[in-house]
Amino acid sequence: MKPSTICALLFVLFVMTACSWPERVVDGTEVQRTNEDNASEVNRNPLRRAFFGDLHIHTRYSFDAYLMGTRATPDDAYRFGKGEMISHASGFEMRMKKPLDFLSVTDHGFYLGAMRAAAEGDGPLSQLEMGSIARSIESPADSRAAFAAVIGYLQQMSRNPDQEDALDDPEVARTAWQDIISAAERHNNPGNFTTFVGYEYTAGGPEFENLHRNVIFRDDRVPELPYSRLVSVNPEDLWRWMDLQRAAGIESLAIPHNSNGSNGWMFEMSKSDGSPQDAAYAELRMRNEPLVENTQVKGTSDTHPLLSPNDEWADFEIMPIRVASNLASQPEGSYVRDAYLRGLKLQEDNGFNPYKFGVIGSSDTHNAAGSF
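Before going into details, it helps to say that this report is about the structure given with it. (Residues numbered from 1 in each chain as written. Predicted model: local features only at pLDDT ≥ 70, side-chain atom pairs only at ≥ 80, totals over all residues. Heavy atoms only, no water.)

## Some thoughts on the overall build of the chain
Within the chain, the secondary structure is distributed over 12 helices and 12 strands. Total accessible area on the chain is roughly 17400 Å²; 52% of this is exposed by carbon and sulfur atoms. (Helix = DSSP H or I, 4+ residues; strand = E, 2+ residues; numbered from the N terminus. Areas by Shrake-Rupley, 256 points an atom, 1.4 Å probe, with all protein chains shown as cover.)

## Brief notes about the pairing of strand E3 (residues 53-57)
Of all five residues in E3, five are buried; the element is thus mostly enclosed. Examined bridge by bridge, E3 and strand E6 (residues 102-105) share three bridges and lie parallel to one another. Note that in E6 the partner of Asp 54 across the bridge is Leu 103. (Buried < 20%, exposed > 50% of the residue type's maximum accessible area, 1.4 Å probe, protein only. Pairing = 2+ DSSP bridges.)

## Quick notes on helix H9 (residues 170-187)
The end-to-end C-alpha separation of H9 is 26 Å, in line with the 26 Å expected for 18 residues at 1.5 Å each. For H9, the set of buried residues is Val 172, Ala 173, Ala 176, Trp 177, Ile 180, Ile 181, Ala 183, Ala 184 and His 187. Seen end-on, H9 carries its buried residues on one side only, within an arc spanning 170 degrees. Turned more than 90 degrees away from the buried face of H9, the exposed residues are Glu 171 and Thr 175. (Expected span 1.5 Å × (residues − 1). Arc of directions from axis to C-beta.)

## What about the nonpolar core?
Nonpolar side chains in soluble globular proteins tend to be buried together. In terms of nonpolar packing, the biggest core is built from 52 residues, with Trp 177, Tyr 199, Phe 217, Leu 238 and Phe 357 touching the most fellow members. The leading source of residues in this core is H9, at seven residues. Other than its neighbours up to four places away in sequence, Phe 357 contacts Phe 267, Met 286, Glu 289, Pro 290, Leu 291, Val 292, Val 336, Ala 339 and Tyr 340. Core analysis: the second largest hydrophobic core is formed by 21 residues, Phe 110, Ala 119, Tyr 153 and Val 172 among them. (Core = buried A, V, L, I, M, F, W, Y, C linked by side-chain atoms within 4.5 Å. Contact = heavy atoms within 4.5 Å.)

## Here we look at the environment of Leu 125
With respect to the helices and strands, Leu 125 occurs in the loop between helix H6 (114-120) and helix H7 (129-135). Assessed through its relative accessible area of 3%, Leu 125 is described here as buried. Residues Leu 125 and Met 115, 10 residues apart in the sequence, show an inter-C-alpha distance of 8.2 Å. Apart from residues no more than four positions distant in its own chain, Leu 125 is found in contact with Ala 114, Ala 117, Ala 118, Gly 131, Ala 166, Leu 167, Asp 169 and Val 172.

## Some words on helix H12 (residues 336-350)
Counting along an α-helix, one turn takes 3.6 residues, and residues three or four places apart therefore face a common direction. Compared with an ideal rise of 1.5 Å per residue, which puts 15 residues at 21 Å, H12 spans 20 Å between its outermost C-alpha atoms and is within 8% of the ideal. Those residues of H12 that are buried lie in contact with strand E10 (291-296) and strand E12 (358-361). Of the residues flanking the end of H12, it is Gly 351, one or two places downstream, whose phi is positive at about 85 degrees.

## Here we look at the packing of aromatic side chains
This structure, assessed with the given rule, holds 16 aromatic pairs. With centroids separated by 5.8 Å and ring planes inclined at 65 degrees, the aromatic side chains of Trp 239 and Tyr 281 adopt a geometry described as edge-to-face. Pair noted here: Trp 239 is in helix H10 (residues 235-247) and Tyr 281 is in helix H11 (residues 279-288), with a separation of 42 residues, a long-range link. This pair shows no difference in class: Trp 239 is buried, exactly as Tyr 281 is. Pairing Phe 267 with Phe 357 gives two aromatic rings, centres 5.7 Å apart and planes at 25 degrees, and the pair type is stacked. Of this pair, Phe 267 sits in the loop between strand E9 (252-256) and H11 while Phe 357 sits in the loop between H12 and E12, placing them 90 residues apart in sequence. Phe 267 gets classed as buried once you look at its relative accessible area, which sits at 1%. Here a set of aromatic residues connected by ring pairs shows up, and it is made of Phe 63, Phe 110, Tyr 111, Phe 147 and Tyr 153. (Phe/Tyr/Trp six-rings, centres within 6.5 Å; stacked < 30°, edge-to-face > 60°.)

## With respect to the sheet that holds E10
The strand order across the open sheet built from three strands is E11-E10-E12, with neighbouring strands paired in mixed fashion. Two strands lie at the open edges of the sheet, namely strand E11 (299-300) and E12, each paired on one side alone.

## Overview of the environment of Ala 118
With respect to the element layout, Ala 118 can be found in helix H6. Residue Ala 118 is classed as buried on the basis of its relative accessible area of 0%. Between the C-alpha atom of Ala 118 and that of Leu 128, which follows or precedes it by 10 residues, the distance is 7.3 Å. Not counting residues up to four positions away in its chain, the partners in contact with Ala 118 are Leu 125, Ser 126, Gly 131 and Arg 135.

## A closer look at the packing of helix H5 (residues 74-81) against H9
The N-to-C vectors of H5 and H9 enclose an angle of 30 degrees; their axes lie 9 Å apart at closest approach. Relative to H9, the element H5 lies roughly parallel. Crossing angle aside, the handedness with which H5 passes H9 is right-handed. From H5, Pro 74, Asp 75, Tyr 78 and Arg 79 reach across to H9, where they touch Asp 179, Ile 180, Ala 183, Ala 184, Arg 186 and His 187. Residue composition of the contact of H5 with H9, by class: five nonpolar, one polar and four charged. (Axes fitted to C-alpha atoms, helices over the stretch in contact; angles between N-to-C directions. Parallel < 35°, antiparallel > 145°, perpendicular 65-115°, else oblique. Left-handed = near helix turned anticlockwise from the far one by under 90°. Nonpolar A, V, L, I, M, F, W, Y, C, P; charged D, E, K, R; others polar.)

## Digging into the sheet that holds strand E8 (residues 213-217)
Strand pairing in a sheet relies on backbone hydrogen bonds. The paired strands run either parallel or antiparallel. A sheet is described by the order of its strands in space; here five strands give the open sequence E3-E6-E7-E8-E9, paired in mixed fashion. Among the strands making up the open sheet, the edge pair consists of E3 and E9. Averaged over all neighbouring strand pairs, the angle between strand axes comes to 25 degrees, with direction disregarded. As paired elements, E8 and E9 share five bridges and run antiparallel to each other. By the bridge assignment, Arg 213 is partnered in E9 with Pro 256. Against the sheet, H9 engages E6, strand E7 (194-201) and E8, with an angle of about 155 degrees to E7.

These results come straight from atomic positions and should not be treated as a statement about function.
Below you can see the structure in the form of structure tokens.
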């Protein structure tokens, strides 16, 4: 097993042992847990046992995974997590050396299921140019060209927000989302294998500044559709949506990932609009983002040699560019240890800290199967 895989599995323990779900918010007011609530949680795991899992898995419903040749389903992902064998897109068989304890399928919330519907269905999406592109993939070069076409289309839509988005089909997304939910329910086996309904909120800046988050729901109470970049690319809007869902009884948390490719945007010292952060901002963020994924297949987000020159491990699996581009990503504001320091400074200077989070590691696999 690669060192990165070991680190990922170790970090993911924090999900079950070091972090708790956010406090409930009712009508904008934070409701504190009672002593009885805390006692019941402790009693569920009195020995503080370690659990291993993966909260970042893509299947055929993610636009990029489908264009890469992945046809594996959410059911396949859960079967793999439980130790069963599934097939890779290239044809070979995959099986874990040891089953996991928990898993979440987190397909991209935007264009959810759209590439599959465009390539395999007979509805409106199949009539689009992307349908023809998705049906004609026969090589890795074709996959890369198709991926670039979708990215180009997204940039075009960002420049023309009033233009109708032909790839945004709510019914296709709803069908895929229901399959994801049903798969999680079918494979959830309390005490043996725990599943979480989830998805990826794939937002970012105009120059590929990565602001992606995985949104994980606590139980089977989930929204009708995921909140995606097609609604807003501002994570602060995502957090406000999560608060509204929480007030309606739908509990979730968001987990940022690949901050290493954010070009300093993930852990800024200001709000997204450039205004100063305040206590309300810190509370909003920490209520919804108590965890950060700081290692995965697209590099570590722990620290950088320029930020930690005395740490001989600071260059471990660094990816210095922004996701889906060749643009450099500046270290400041992009790495977890730097965020901790920024939070301490904000606490000292202003009395609030938006960066008091735990860390996990996940795979970000796009073939429905993590490391095996």
